[in-house]
Amino acid sequence: MAAPDTAATDDRTGTGPGVSTDRTAATAAAPSPPVRTQQLRRMNATGGGRSLPLLTVPALVLYLFWTVVPIVFVFVFAFFDYRGILDFVASDSLVDADRFSGLDNFRLVLTDAVFLQALRNTAIQVGVAVPLMLPLAFMLGYYLDRRPPGWRVLSVFFFTPGLISISIKGTIFYAMLSPNGGLNGVLDAVGLGNGGAVDLTTAWYADPRTALGVIIFADLWQGIGWTGVLFAARLSAVPVELYEAAAVDGASEWRRMWGVAFGVVKGYFGTMVMLQFLWTLFNSAPIVYILTGGGPGTATTTLSFLVYQKAFQQQQIGYSQVVGIVLFLFGVAGLVAIRRAFRQAY
Amino acid sequence: MIRSPRSHWAAAAATVAVALTATACGSDGDAGAADDESGGSVETLSVMSRWTAGTPEYDVLQSVIEAYTEETGTAVELIDGGEDIDVTFETAVAAGQSPDVVVVNLFDKSLGWLDAGVTVPVDDYLSEWGLEDKISEQAVQEWRVGQSVDGALQGFPYSGFSWPVWYNTELLAAAGVDEVPTTVDDLLATTEALSAAGIPPMIVGGSDWSGQKLFFQIIQTYMDTEEAQTLFSDGGYCDSDAALQGIELFVQLRDAGLFVDNVAGLTADDMNNTYFSGGAAMMPAGSWAFAPALAADEETGGTVVDSTELAGFPVPAGEGTFDEPTVYQGFTGVGFMLTPDGVAEDRIGASRSFIETFMQDDVVSQFVAEANFLTPIAGDYADDATNPLLEEALQLDGVAPAVLPDVWLGVNSDPVTQVSTLAYGDADAQAVCSGLDSATS
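About the criteria used
- Residues numbered from 1 in each chain as written.
- Chains lettered and ligands numbered in written order.
- Predicted model: local features only at pLDDT ≥ 70, side-chain atom pairs only at ≥ 80, totals over all residues.
- Heavy atoms only, no water.
- Helix = DSSP H or I, 4+ residues; strand = E, 2+ residues; numbered from the N terminus.
- Buried < 20%, exposed > 50% of the residue type's maximum accessible area, 1.4 Å probe, protein only.
- Contact = heavy atoms within 4.5 Å.
- Areas by Shrake-Rupley, 256 points an atom, 1.4 Å probe, with all protein chains shown as cover.
- pLDDT = per-residue confidence, 0-100.
- Patch = residues over 30% accessible without salt bridge, like charges linked within 9 Å, V, L, I, M, F, W, Y side chains within 5 Å.
- Salt bridge = Lys/Arg side-chain N within 4 Å of Asp/Glu carboxyl O.
- Lys, Arg positive; Asp, Glu negative; His and termini not counted.
- Charge placed at Lys NZ, Arg CZ, Asp CG, Glu CD.
- Pairing = 2+ DSSP bridges.
- Axes fitted to C-alpha atoms, helices over the stretch in contact; angles between N-to-C directions.
- Phe/Tyr/Trp six-rings, centres within 6.5 Å; stacked < 30°, edge-to-face > 60°.
- Lys NZ or Arg CZ within 6 Å of the ring centre and 35° of its normal.
- Parallel < 35°, antiparallel > 145°, perpendicular 65-115°, else oblique.
- Left-handed = near helix turned anticlockwise from the far one by under 90°.
- Nonpolar A, V, L, I, M, F, W, Y, C, P; charged D, E, K, R; others polar.
- Right-handed = clockwise from strand over helix to strand, strands pointing away.
- Polar contact = N/O pair within 3.5 Å; in protein donor to acceptor, adjacent residues only side chain to side chain.

A few points about the overall build of chain B
At step 1: If you tally the helices and strands in chain B, you get 21 helices and 9 strands.
At step 2: With the principal axes as the frame, chain B shows a C-alpha extent of 70 × 45 × 40 Å.
At step 3: Split into buried and exposed, the 441 residues of chain B put 59% on the buried side.
At step 4: Counted over contacts in chain B with a minimum sequence separation of 6, partners at least 24 positions apart contribute 78%.
At step 5: As displayed, chain B has an accessible area near 16,000 Å², and 46% of this comes from carbon and sulfur atoms.

Quick look at the structure:
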């Protein structure tokens, strides 16, 4: 391996002499996670962290009231038969014995074809979007970290979809994919529309063959650039010497990306996988609602949308809460699996 | 009946949070009426309306409210509920901020408000306030729960509608069609002629309520009224020969090219804009589109209104339930509902005078003239119907009334629209009937 070339590193990052060397030193000196845990526990035991719990009280209270209590009620309401939001208002208490329905909601959900379709759609959405998004985002982040010409502008450009509200995102996709929208217009213009040799135009978000693909594409459109910029930020802390050493050893760019960079930030990669998994699993309802309304038929009804639809459109609160529980369990199982798969090796 | 395909996400989320909080705190739902609690006279009446700013209806509403305030001294807090008034209203109620009067159409969630106790039956007020002779019996009947004579009256009906098919006779003539079709065979021939002439035949919002209504209008071709109401309400389409026949008729018309390309992805706005600009020869649209059609012609110098002939949707000759082309007609358009706050002892007087104001002849005339209402209010308002389309709709004959599904679908309206969108694609009859059964269960 070649000796670290500090001057070259400083030129690359543009941060001035010494910064990269410090970063290298800091990285090299960073303790492994178990060691760090032991150090922190020692510090807490010797009094260094005794006032710490007090500082967390406000956050804990908020968390308890706005997160733990509602989650508990999700499980409780699954056993009750409330007919819509107004039924809550009409009740004297949140838990009305007259509305207790035992396991009826669970039986109804687990035998309902709509739920099973939503389960399938969700599996496809998560199973396609997350495995496609993260590697592409990582490669984009790696590219941006190499500081290509205009990388700052590119970073802003790729990050922008993450700053766009879901309503605007829906509007953009509607304008592009409606029957009279941009994509069909382009296809018409190049002879692939109505009257052409092959007609590829369709009602993209109203065609059962393409509608779920539109939802997944919307996820990818927003997620790849945004996550890529986050990867670039994390990769900027990877010592350049590692790449240089790998290059000297004859590693290709592909090997440096996946054999070196990925190995160093594997834990961070896992964190991003977790976040995108959760966002895709839990937050698909708004974009489904805006673009397809869950249709055509049930082609884009995801579990997340089904929770909304049953609670707010069809006034079946108990049903929606059971679906919420299923989502919650999937979320937990997914987190555990992802954590195991992407645990940092050192 | 008329609503946006999308309601406000944030409002929906807020409903849960507010409902939980309000209920947990033991709210009885009558907060927000400070005047009630003080026992003082009512200075402000709270009114939530589905007529949104920028529409002719809203403009008339505002002018009437100004006159009402000037005459009575009671201010009106007007809340624009918009097309998502059901969500807006339920959010307000959950937060203990119920309005006194709701101006709303009888559709989807509003059908459950009386049962939930957030609005009150108005049977007694109808007679006490002398409105029995003022509002048509048919309209009152349509506003009763289940449209049954024994059902409680959910509100005072105020606007009706006619929902014919619009035929652009200029475009039909350009395709060599001299008369609007009255039978399915005529319609198929018309479709063929239009397509051959390169004119898009019928446009409708296949992805929203407008497409859903036309879909139900067609599939009930072989059902009698009672069966239609039962199926719309409880499902069972796949077990009904009449329903399957109707769905197969829809599929036949669709596959014959009746609808414009990619119709499943279109909305009611697409439909109106395309038809108003001469981009399609036929569309099914209600009387609320009369004023915008006239405005569009005035703006563009077009002649669509003059070229349009209103008629029913063609039916199979010699078979099916209907002898004549079908239209939706009714009075579930918009009416006045009263909430428990609105009938509180010290507010009922203001609510009464507010509603009585709208029943005055000059006010009804204004709504007919400017908002092109079909009114259920007794009186001769024919001279006020100056819009040629409204005039034509009032004299529409040779048509049979179809069963409007709204009241019977109830809260299943949105899932059912997902299925009708599927039907406008290329789903077969079996997939459509299965979808309907699933959405209705």
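What follows continues from the structure just given.
A word on the confidence of the model for chain A
All names here are of chain A.
At step 1: Per-residue confidence for chain A gives a mean pLDDT of 85; residues scoring 70 or more make up 87%.
At step 2: For chain A, the element scoring lowest by mean pLDDT is helix 1 (residues 6-13), at 38; helix 7 (residues 113-145) scores highest, at 96.
At step 3: Note that residues 1-29 has pLDDT below 50 and, in this model, 27 contacts with residues that lie over four places away or in other chains.

With respect to a negative patch on the surface
At step 1: There is a patch of like negative charges on the surface, built from D178, E179, D185, D186, E309 and E319 of chain B.
At step 2: Within the fold, E309 of chain B resides in strand 7 (residues 308-311).

Quick word on the confidence of the model for chain B
Residue and element names in this part refer to chain B.
At step 1: Mean pLDDT for chain B: 89, with 90% of residues reaching 70 or above.
At step 2: Note that pLDDT drops below 50 for residues 1-40; the model gives that stretch 89 contacts with residues more than four away or on any other chain.
At step 3: Interface confidence for the predicted complex, given as ipTM, is 0.79, next to a pTM of 0.83.

A look at the sheet that holds strand 7 of chain B
All names here are of chain B.
At step 1: In space, the 3 strands of this open sheet follow the order 6-5-7, with antiparallel pairing throughout. Each edge of the open sheet carries a strand with a single partner, namely strand 6 (282-284) and strand 7. With strand direction ignored, the average angle separating the axes of adjacent strands in the sheet is 25°.
At step 2: Of the strand pairs in this sheet, strand 5 (residues 165-168) and strand 6 are connected by 3 bridges, and their pairing is antiparallel. Pairing of Y167 across the sheet is with M282, part of strand 6.

Structural notes on unusual backbone geometry
At step 1: Along the chain, G295 of chain A connects to P296 of chain A via a cis peptide bond; the corresponding omega equals 0°.
At step 2: The topology assignment puts P296 of chain A in the loop between helix 15 (285-291) and helix 16 (303-313).
At step 3: Backbone geometry at Q147 of chain B places phi at a positive 50°, although glycine is not the residue there.
At step 4: Note that Q147 of chain B resides in the loop between helix 7 (137-142) and strand 4 (156-163).

Here's the deal with the packing of aromatic side chains
Any aromatic ring pair is given by two values, namely how distant the centres are and how the planes are angled relative to each other.
At step 1: Under the criterion given, the structure shown has 58 aromatic pairs over all chains.
At step 2: Each ring, one from F161 of chain B and one from W163 of chain B, has its centre 6.3 Å from the other, and the planes form 85°; the classification is edge-to-face. Note on accessibility: F161 of chain B and W163 of chain B belong to one class, buried.
At step 3: Measuring from centroid to centroid gives 5.1 Å for F259 of chain B and Y424 of chain B, while their planes differ by 70°, and the two rings are edge-to-face. Residue F259 of chain B is found in the loop between helix 12 (241-255) and helix 13 (268-276), and its partner Y424 of chain B is found in helix 20 (residues 413-424); the two are separated by 165 residues along the sequence. The same class applies to F259 of chain B and to Y424 of chain B, which are both buried.
At step 4: An aromatic cluster is present here, built from F138, F231, W254, W258, F262, Y268, F269 and F342 of chain A joined pairwise through their rings.
At step 5: Directly above the aromatic system of Y319 of chain A lies the positively charged group of K310 of chain A, at a separation of 4.6 Å from the ring centroid.

Overview of the packing of helix 3 (residues 56-72) of chain B against helix 17 (residues 361-371) of chain B
Residue and element names in this part refer to chain B.
At step 1: Interhelical geometry of helix 3 versus helix 17 gives an angle of 155° and a closest axis separation of 9 Å. Taken together, helix 3 and helix 17 sit at an angle that is classed as roughly antiparallel. Regarding helix 3 and helix 17, the two cross each other, and that crossing is right-handed. When helix 3 is examined against helix 17, the residues P56, E57, V60, L61, S63 and V64 are found in contact with a partner set consisting of V363, Q366, F367, E370 and A371.
At step 2: Taken together, the residues that form the contact of helix 3 with helix 17 break down as 7 nonpolar, 2 polar and 2 charged.

Comments concerning the pairing of strand 1 (residues 44-49) of chain B
All names here are of chain B.
At step 1: Most of strand 1 sits out of view: 5 of its 6 residues are buried.
At step 2: The pairing of strand 1 with strand 2 (residues 75-80) spans 6 bridges and is parallel. The partner of V47 across the bridge, within strand 2, is L78.
At step 3: Crossover handedness for the path strand 1 to helix 3 to strand 2: right-handed.
At step 4: Sheet topology note: the strand 1/strand 3 (residues 101-104) ladder contains 3 bridges and is parallel.

A word on the interface of chain B and chain A
At step 1: Listed per partner, the contact involves 37 residues of chain B and 41 residues of chain A.
At step 2: On the surface where chain B and chain A come into contact, there are 1 salt bridge.
At step 3: The partner of R209 of chain A in a salt bridge is D426 of chain B, with the nearest N and O atoms 3.5 Å apart.
At step 4: On the surface where chain B and chain A come into contact, there are 10 residue pairs in polar contact (both at pLDDT 80 or more).
At step 5: Where the side of chain B that touches chain A is concerned, the elements lending two or more residues are helix 1 (9-24), helix 4 (85-94), helix 5 (113-116), helix 20 and helix 21 (429-440) of chain B.
At step 6: Per-class residue counts for the side of chain B that touches chain A are 19 nonpolar, 10 polar and 8 charged.

Examining the packing of helix 7 of chain A against helix 11 (residues 211-235) of chain A
Residue and element names in this part refer to chain A.
At step 1: Axis separation between helix 7 and helix 11 bottoms out at 7 Å; the angle between their running directions is 35°. Our pair here, helix 7 against helix 11, has a crossing hand that is right-handed.
At step 2: Each residue belonging to the contact of helix 7 with helix 11 can be placed in one class, and the counts come to 21 nonpolar, 7 polar and 2 charged.

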